[in-house]
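# Summary of the model geometry
Okay, here's what each chain looks like letter by letter:
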Amino acid sequence: MALKRIKWVGIDFGQCIMSPSSLRNPHIFGDIGKLLGKQAIIPVWIDRMRRLKEKYQTYTLLKEKHRDEIESFVFDNDREAYEIFKQKEQELLSMAPGVPEFLTWLNKEGIRPNIISELKKTLGPVGDDIITSFLVTKGIIRHFKYFITPQGKVNLDTDERFYDYKGTSKESGTLYDQLMKDLHEEGIEPEECVMIGDKRITDIIPPKRRGFITIQYTGHVDEGSCEYSNYYAKTFFEIKEIMEKL
Ligand SMILES: [Mg+2]
């Protein structure tokens, strides 16, 4: 059995587990317009979406923190169009290469990983936000133990919620401080923990400073090398290979 030292794994969501590369605006907005018989407005939606993306730089940031504006700004509060958008979006977003295989392997090794993500919206029922909805749609939610966010922590088996994470953040590191407290109570120390993510300021530097092992995922966005990254991987197949040696 591998993974003698590792007892806990955290994985970032946006541009890590979830890869937005298959999301093409002309495709998605074109479909919605045709479905609703509103072809004339398709270019307007596409243009507004482009402006929104420019404002927030990345689709992930837009999606995780400012998605209300997709409804209010892009669709001008057209509820019906926005509902279809959410559905289409789920169908078109894809998992990073190797995610299902990695999750199956890790669970067999006795570790159920956790999603560590920024979420601006208040926690609703599982499946209500973009993140858990994606995990449900892709059929991978059963592999995860906790969904940990600045809005709280959810046990994905029992739906139990813990609000001591409220107001923390990944970037400031306070979310990881709370996490370390929880793990310590379970007898798990930082050097037995692996954090996987694409973004240095939120996924790599704060956990590394607290003693975690860090794997920088470069398959979607490659921020380049960083003294706080222990390993780099372009796919989850590579992450599995790295972890087999830990
Ligand atoms: Mg990310």
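Since the structure is predicted, the reported quantities are computational estimates derived from the model, not experimental observations. (Residues numbered from 1 in each chain as written. Predicted model: local features only at pLDDT ≥ 70, side-chain atom pairs only at ≥ 80, totals over all residues.)

## A word on the overall build of the protein chain
The helix and strand tally for the protein chain stands at 10 helices and 10 strands. For the protein chain, the C-alpha radius of gyration of 18 Å lies close to 18 Å, the compact-globule estimate for 246 residues. Reported as C-alpha extents along the three principal axes, the dimensions of the protein chain are approximately 60 × 35 × 30 Å. Here the protein chain, with 246 residues, has 34% of them falling under the buried criterion. Within the protein chain, contacts between residues at least 6 apart in sequence are counted, and of these 61% link residues at least 24 apart. (Helix = DSSP H or I, 4+ residues; strand = E, 2+ residues; numbered from the N terminus. Rg over C-alpha atoms; globule rule 2.2 N^0.38 Å. Buried ≥ 20, exposed ≤ 12 C-beta atoms within 10 Å, placed from the backbone. Contact = placed C-beta atoms within 7 Å.)

## Topic: helix H6 (residues 99–108)
Within H6, burial applies to Val 99, Phe 102, Leu 103 and Leu 106. On an axial view of H6, the arc spanned by its buried residues comes to 95°, and they lie on one face. Residues of H6 that are buried sit in contact with strand S1 (8–11), strand S3 (94–95) and helix H10 (236–244). Taken from the residues just after H6, Gly 110 is the one with a positive phi, measuring 95°. (Arc of directions from axis to C-beta.)

## Digging into the domain arrangement of the protein chain
Once the domains are mapped, the protein chain shows domain 1 (8–19 + 94–244) and domain 2 (24–92). Taken together, the nine residues of domain 1 in the interface contact six residues of domain 2. Of the residues that constitute the side of domain 1 that touches domain 2, the class distribution is three nonpolar, four polar and two charged. (Domains from an automatic or database assignment. Nonpolar A, V, L, I, M, F, W, Y, C, P; charged D, E, K, R; others polar.)

## Here's the deal with the packing of H6 against H10
Here H6 crosses H10 at 30°, and the two axes come no closer than 8 Å. Comparing their axes, H10 and H6 come out roughly parallel. On H10, the residues that touch Val 99, Glu 101, Phe 102 and Trp 105 of H6 are Phe 236, Phe 237, Ile 239 and Lys 240. The residue makeup of the contact of H6 with H10, split by class, is six nonpolar, no polar and two charged. (Axes fitted to C-alpha atoms, helices over the stretch in contact; angles between N-to-C directions. Parallel < 35°, antiparallel > 145°, perpendicular 65-115°, else oblique.)

## Looking at unusual backbone geometry
Even without being glycine, Asp 76 reaches a positive phi, approximately 50°. A positive phi is found at Asn 77, a non-glycine position, where the angle reads about 60°. Of note, Asn 77 is situated in the loop between helix H4 (68–74) and helix H5 (79–92). Given 10 C-beta atoms within a 10 Å radius, Asn 77 is considered exposed.

## Details of the pairing of strand S6 (residues 152–155)
Pairing geometry for strand S5 (residues 146–149) and S6, over four bridges, is antiparallel. Each residue of the ladder has a partner; that of Ile 148, found in S6, is Lys 153. Where S6 meets strand S7 (residues 161–162), two bridges bridge the pair, whose relative direction is antiparallel. Bridge pairing links Lys 153 to Phe 162 in S7. (Pairing = 2+ DSSP bridges.)

## Considering the environment of Glu 227
With respect to the secondary-structure elements, Glu 227 resides in the loop between strand S9 (213–217) and strand S10 (231–233). Look at Glu 227 and you get exposed, because 8 C-beta atoms sit within 10 Å. Residues Glu 227 and Lys 208 lie 19 residues apart in sequence; the distance between their C-alpha atoms is 9.5 Å.

## Structural notes on the pairing of S5
Of the two faces of S5, the one lined by Tyr 146 and Ile 148 and the one lined by Phe 147 and Thr 149 are each fully buried. For strand S4 (residues 114–116) and S5, the ladder comprises two bridges, and the chain directions are parallel. Directly across from Ile 115, in S5, lies its bridge partner Phe 147. Once you follow S4 into helix H7 (residues 130–137) and on to S5, the crossover reads as right-handed. Counted between consecutive antiparallel strands, the loop separating S5 from S6 contains two residues. (Right-handed = clockwise from strand over helix to strand, strands pointing away.)

## Section: the sheet that holds S4
Across the sheet, which stays open at both edges, the eight strands sit in the order S7-S6-S5-S4-S1-S8-S9-S10 with mixed pairing between neighbours. Sheet topology places S7 and S10 at the edges, where each strand pairs with a single neighbour.

## Observations regarding the packing of helix H1 (residues 25–36) against helix H2 (residues 42–56)
At a minimum axis separation of 9 Å, H1 and H2 run at an interaxial angle of 140°. When the axis of H1 is compared with that of H2, the two are oblique. In terms of crossing hand, the pair formed by H1 and H2 is right-handed. For the pair H1 and H2, contact is made by Asn 25, Pro 26, Phe 29, Gly 30 and Gly 33 and by Ile 42, Trp 45, Ile 46 and Met 49, respectively. Its residues placed into classes, the contact of H1 with H2 shows six nonpolar, three polar and no charged. (Left-handed = near helix turned anticlockwise from the far one by under 90°.)

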